[in-house]
Amino acid sequence: MEYSLIDTLWVFLAAILVFFMNLGFASVEAGFARSKNTVNILSKNFIVFAVSSLGFLLLGWGLMFGGDNPILGTEHLFVLGGQDLSFYDGTLTSSVPFWGKFFFQLVFCGTAATIVSGAVAERVKYLSFILFSFVLTLVIYPIAGHWVWGGGWLSRLGFLDFAGDSVVHSLGGWAALAGAMLLGPRIGKYGKDGKPRAIPGHSMSLAVIGLFVLWLGWFGFNPGSTMSFQNPSDVFHILMTTNTSAIAAVLTSTAASWIVMKKPDLGMTVNGCLAGLVGVTGSCAYVSVESSLLIGALSGVLVVFAVLFFDRRKIDDPVGATSVHLCCGVFGTLCVGLFAQEGVTSLSTRNGLLFGGGFQLLGVQLLGVLAIGAFSFLASALVWLALKKTVGIRVSREEELQGLDIGEHGNVAYPDFALVTEASPEEDAPETAPARPAAPVAQAVPVVHREAPGARITKVTVLMNQSRFAQLQEALDALGITGLTVTNVFGYGVQKGHTVYFRGSPVSSRLLPKVKIDIVVSSLPVETLIAAIQKTLYTGNYGDGKIFLYSVEDVVKIRTGERGFRALQDEEAPAAKEAP
């Protein structure tokens, strides 16, 4: 059979660009997660591609492209074992060899599974995530894909999804939503009043690097879906609509977050760019560059409000995957029915509602959104429920607080504070290297309290688990504590840390991350402060922390030279205005 060299090379290039997006997803998710879960995030992004590749190879391809049954593929389901692959010569394109077409579709399948990883981050069991990903790519994704790209019932109705807004993004988003809902929010995400608390990721640098990798990969994702380079004008039109939507969404998401949150939030801008890329994925070959500008602009605003909506509904998604891929995937699918314009490329043969095509195409797109949404959400929820009832889907409270890196992997991403054993020149006995000092993360002037001369000044130092800092801060605010010195420290007591492994070799006892809080009090009874700290931090488990009390001999205010209680007094108080 004759193949086109240029088409084959184009599909090859596009496929490896989409494969490279795995690095982008891993980086964005790791950056938006806390450092104690970095190994787990990176490992999931490795394993999910391996699992999805196996599922798609064993059965997924056959269910997706095996014949013209309206619901699922029923012919030549298995591509391994010396099967006759000539059945698929005309599938998708006849100008590219079978395994080229297979790999291109495989990396799309892997992308759908990767979307789920971010939404269930920081509390899902590693094994459960692996099993879910396998079922998703073995059965769920291929069936929905067959409806749209494999000759199924939606494609016969005229449903259009050029590069996967419904098949890849919204499907992955629905699966992610089901998982996030059944898992529940992370510990500490919501206060007693039900309001969401921010849990910042540990590296915005890593998140932005990941964004640019994904942006690059999208130039294979969308233009590569032509699976042909015979008409370069089509390819470059799709390239432009893809990029134009992204840059518009960057601007509008930044503006929306600036207006709503009073600051141009970088995390929102990152998700805004991804929203623009997702929003135009389904329509990139069917809309004009001008329309793509509007689609991106709307997607950038949509994702900001979607993130806030899910937070308020107590659906905890650490990276915003549901907001980006589900909401903008659905929106992008509907945009085909609104903005499609006949003749903008050789692939575009119909008009949407806004270009005189009436409601027919929009109605079919809406039907597809509902069908794929219902199927993928219900099927995914059933799989998550089955896993919950059998192997469980959420790690223990202790594992979640300590971090999944240690609990699930016995490993850490940033071992700078580990005590590393080294052989000395004089003997083979290991030596313990001292830990590097931790940098302070926040500092403020010690708390101000007015007290009559002769009373004691006490310094209270608290060593505690990082995860309960927000609760303690609220309790101290309630007592009128207005100043703290907060330091990130590493150490262990009775708890003795954890043993971690590097390439199978044990590293000596892992220093645990803690928060050290220093408070200076004068008028507030020390026992009242101690009681409040104990009540807030107590869980009954090792690692709740310790409180140390020190008598302060004197205090000097550097700016004024005042000493003792005068140095601690509120400057607006009358006593503070007296000469020292």
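For the structure, check the block above.
Residues numbered from 1 in each chain as written. Predicted model: local features only at pLDDT ≥ 70, side-chain atom pairs only at ≥ 80, totals over all residues. Heavy atoms only, no water.

(A) Fine view of the overall build of the chain. Across its full length, the chain carries 17 helices and nine strands. When contacts within the chain are restricted to residue pairs at least 6 apart in sequence, those whose partners lie at least 24 apart make up 75%. In the structure as shown, the chain presents an accessible area of about 25,400 Å², 63% of it carried by carbon and sulfur atoms. (Helix = DSSP H or I, 4+ residues; strand = E, 2+ residues; numbered from the N terminus. Contact = heavy atoms within 4.5 Å. Areas by Shrake-Rupley, 256 points an atom, 1.4 Å probe, with all protein chains shown as cover.)

(B) Molecular detail of the pairing of strand E8 (residues 512-521). Within E8, eight of the ten residues are buried, leaving the element largely enclosed by the surrounding structure. Note: strand E4 (residues 458-465) against E8, eight bridges, orientation antiparallel. Bridging from a neighbouring strand, threonine 458 pairs with valine 521 of E8. When strand E5 (residues 485-491) meets E8, the two strands line up antiparallel, connected through seven bridges. Bridge pairing in E8 places phenylalanine 490 opposite proline 513. (Buried < 20%, exposed > 50% of the residue type's maximum accessible area, 1.4 Å probe, protein only. Pairing = 2+ DSSP bridges.)

(C) Highlighting the layout of surface pockets. A volume near 710 Å³ is recorded for the second largest pocket. Lys189, Asp265, Val307, Asp311 and Pro318 are the residues nearest the centre of the second largest pocket, which is lined by 29 residues in total. Elements with a contribution of two residues or more to the lining of the second largest pocket: helix H9 (266-281), helix H10 (289-312) and helix H11 (321-339). (1 Å grid on protein atoms, 1.4 Å probe; cavity = no way out; pocket = protein on both sides within 12 Å on 5 of 7 lines; lining within 4 Å. Points joined across faces, edges and corners; volume = space filled by probe spheres on them.)

(D) How the structure looks around the nonpolar core. If you look at the biggest cluster of nonpolar residues, it comprises 99 residues, and the most contacted ones within it are Phe108, Tyr141, Trp149 and Trp384. No other element matches helix H3 (residues 98-119), which puts twelve residues into this core. Excluding its chain neighbours within four sequence positions, the residues that come into contact with tryptophan 149 are Met64, Phe65, Leu92, Gln105, Phe108, Tyr141, Asp161, Phe162, Ala163, Gly164, Val167 and Val168. With 16 residues, the next largest nonpolar core counts Leu484, Leu524, Leu529 and Leu537 among its residues. (Core = buried A, V, L, I, M, F, W, Y, C linked by side-chain atoms within 4.5 Å.)

(E) View of empty space enclosed by the protein. Throughout the structure, instances matching the rule amount to three cavities of 30 Å³ or more. Computed from the structure, the largest cavity encloses a volume of approximately 100 Å³. If you go around the largest cavity, you meet 14 residues; those closest to its centre are Phe25, Val28, Val319, Ala321 and His325. Residue composition of the lining of the largest cavity, grouped by class: eight nonpolar, five polar and one charged. (Nonpolar A, V, L, I, M, F, W, Y, C, P; charged D, E, K, R; others polar.)

(F) Here's a closer look at the side chain of serine 257. For serine 257, the location among the structural elements is in helix H8 (residues 232-261). Here the side chain of serine 257 touches threonine 254 through a polar contact of 3.0 Å, landing on its backbone oxygen. In contact with serine 257, not counting residues within four places along its chain, are Lys262, Lys263, Pro264, Asp265, Met268 and Val304. (Polar contact = N/O pair within 3.5 Å; in protein donor to acceptor, adjacent residues only side chain to side chain.)

(G) Layout of the packing of H3 against helix H6 (residues 165-183). Their axes nearest at 8 Å, the elements H3 and H6 cross at an angle of 30 degrees. Between H3 and H6, the interaxial angle falls into the category roughly parallel. You can see that H3 and H6 cross each other, and the crossing is right-handed. Between H3 and H6, the residues in contact are Phe108, Thr111, Ala112, Ile115, Val116 and Ala119 and Val168, His169, Gly172, Gly173, Ala175, Ala176 and Ala180, respectively. Here the residues of the contact of H3 with H6 are counted per class, giving nine nonpolar, four polar and no charged. (Axes fitted to C-alpha atoms, helices over the stretch in contact; angles between N-to-C directions. Parallel < 35°, antiparallel > 145°, perpendicular 65-115°, else oblique. Left-handed = near helix turned anticlockwise from the far one by under 90°.)

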